[in-house]
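# Observations on the three-dimensional arrangement
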Amino acid sequence: FFQGSVKDAIENAAKDKIPACVLEGVKFIESGPEWIGGSTCLINQCSAAGPFQISVGQDASGDRHCRACGPSWTDGSRTCNDSWPGDWPTTPTDPSPCNLQLGANQAVQILIDKSAYFASKPLNATDSIHSQRDAIMLAADAYWGVTAPVARLGGCTYGEYVYKHCDPSYQCTGNPPVRLP
C-alpha cells in the first residue's frame, strides 16, 4: 500500500515498537498514502502539521488557543494541543513535524503513550488478537482525541479505521450518518 520513503519511514519508526499497520492507518487518515514535504507542509487551524498531523502548539497565525478550530476553542480557554496528538517536541534535530521520519517517530511515541495510558495491553501484544485490537483502537482514538464515528472514515471511529489497516476483514461497529440525497 505504502511505497518508497513513506513505507521506509513507517517501518523504521514502528520496528520492534508497534505493528506497522497502526502507523500506516494513522498516516493514511492524516495525509493519504504519499507525502510531499517541503513547502507544502502547512499548519492547519487546529495547530496540526506534517504527515501525521501532530500539534505544534499554535495555529498558522500563532494563536496558542486555536480559536478557529471549532466551537469549544473559540473562548480561548483551551490551548491548541488540548485533545490533539501531543505537542511537537521543541528539541529534535529537525524541529519540523513535516520531516517524514521524525514525524513517524513522534507518532509512534504518541501511540505508545496513549496505549500505555488507555489500554491494559501494549500495542505489540501478541497473546490475544482481541486485546491487541482493543489496544490499537483505544490508542488510535486517543491519538485523534475523539471516539465518535467519523463520516469521512465511512462511519468508523478513528480507532476502528486504523485497526482496519491491520485486519481488513474487520467490520466497523460505528453507525455512519444517514446521507441525504
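Residues numbered from 1 in each chain as written. Predicted model: local features only at pLDDT ≥ 70, side-chain atom pairs only at ≥ 80, totals over all residues. Heavy atoms only, no water.

Here we come to the overall build of the protein. The number of helices and strands found in the protein is 5 helices and 2 strands. Along the protein, from the amino end to the carboxyl end, the secondary structure elements read α-α-β-β-α-α-α. The buried share of the protein, reckoned over its 181 residues, is 43%. Considering only contacts in the protein between residues 6 or more positions apart, those separated by 24 or more positions represent 49%. Accessible surface, the protein as shown: approximately 9500 Å² in total, 53% of it carbon and sulfur. (Helix = DSSP H or I, 4+ residues; strand = E, 2+ residues; numbered from the N terminus. Buried < 20%, exposed > 50% of the residue type's maximum accessible area, 1.4 Å probe, protein only. Contact = heavy atoms within 4.5 Å. Areas by Shrake-Rupley, 256 points an atom, 1.4 Å probe, with all protein chains shown as cover.)

Listed as buried for helix H1 (residues 4–14) are Val6, Ala9, Ile10, Ala13 and Ala14. Along the axis of H1, the buried positions cluster into a sector of 115 degrees, meaning they face one direction only. Just downstream of H1, Asp16 is the residue with a positive phi angle, here 60 degrees. (Arc of directions from axis to C-beta.)

For the coordinates displayed, the defined rule picks out 2 disulfides. For Cys21, the disulfide goes to Cys166, at an S-S distance of 2.0 Å. Around the S-S axis, the bridge from Cys21 to Cys166 shows a dihedral of about 95 degrees and counts as right-handed. Taken together, the residues Cys21 in helix H2 (residues 20–31) and Cys166 in the segment after helix H5 (158–164) connect sequence positions 145 residues apart. On the accessibility criterion, Cys21 (17% relative accessible area) is buried. A relative accessible area of 25% means that Cys166 is categorised as partly exposed. Between the sulfur of Cys156 and that of Cys172 lies a disulfide, 1.8 Å long from S to S. Note on the Cys156 and Cys172 pair: the S-S dihedral is about 85 degrees, so by sign convention the disulfide is right-handed. Placement of the pair is Cys156 in the loop between helix H4 (129–144) and H5 and Cys172 in the segment after H5, with a sequence separation of 16 residues. Classification of Cys172 as partly exposed rests on a relative accessible area of 23%. (Disulfide = S-S within 2.5 Å.)

Attention now moves to the confidence of the model for the protein. In low-pLDDT regions, the fine details of the predicted coordinates are not to be read closely. Averaged over all residues, the pLDDT of the protein equals 79, while 75% of them reach at least 70. When mean pLDDT is compared element by element in the protein, H2 scores highest at 94, while H4 scores lowest at 79. Note that residues 175–181 has pLDDT below 50 and, in this model, 6 contacts with residues that lie over four places away or in other chains. (pLDDT = per-residue confidence, 0-100.)

Before going further, it helps to examine the packing of H1 against H2. Between H1 and H2, whose axes approach to 9 Å, the crossing angle comes to 130 degrees. Our classification of the angle between H1 and H2 gives oblique. Between H1 and H2 lies a crossing of right-handed hand. For the pair H1 and H2, the contacting residues are Val6, Ile10, Ala13 and Ala14 in the first and Ala20, Leu23, Glu24 and Lys27 in the second. Grouping the amino acids of the contact of H1 with H2 by side-chain chemistry returns 6 nonpolar, no polar and 2 charged. (Axes fitted to C-alpha atoms, helices over the stretch in contact; angles between N-to-C directions. Parallel < 35°, antiparallel > 145°, perpendicular 65-115°, else oblique. Left-handed = near helix turned anticlockwise from the far one by under 90°. Nonpolar A, V, L, I, M, F, W, Y, C, P; charged D, E, K, R; others polar.)

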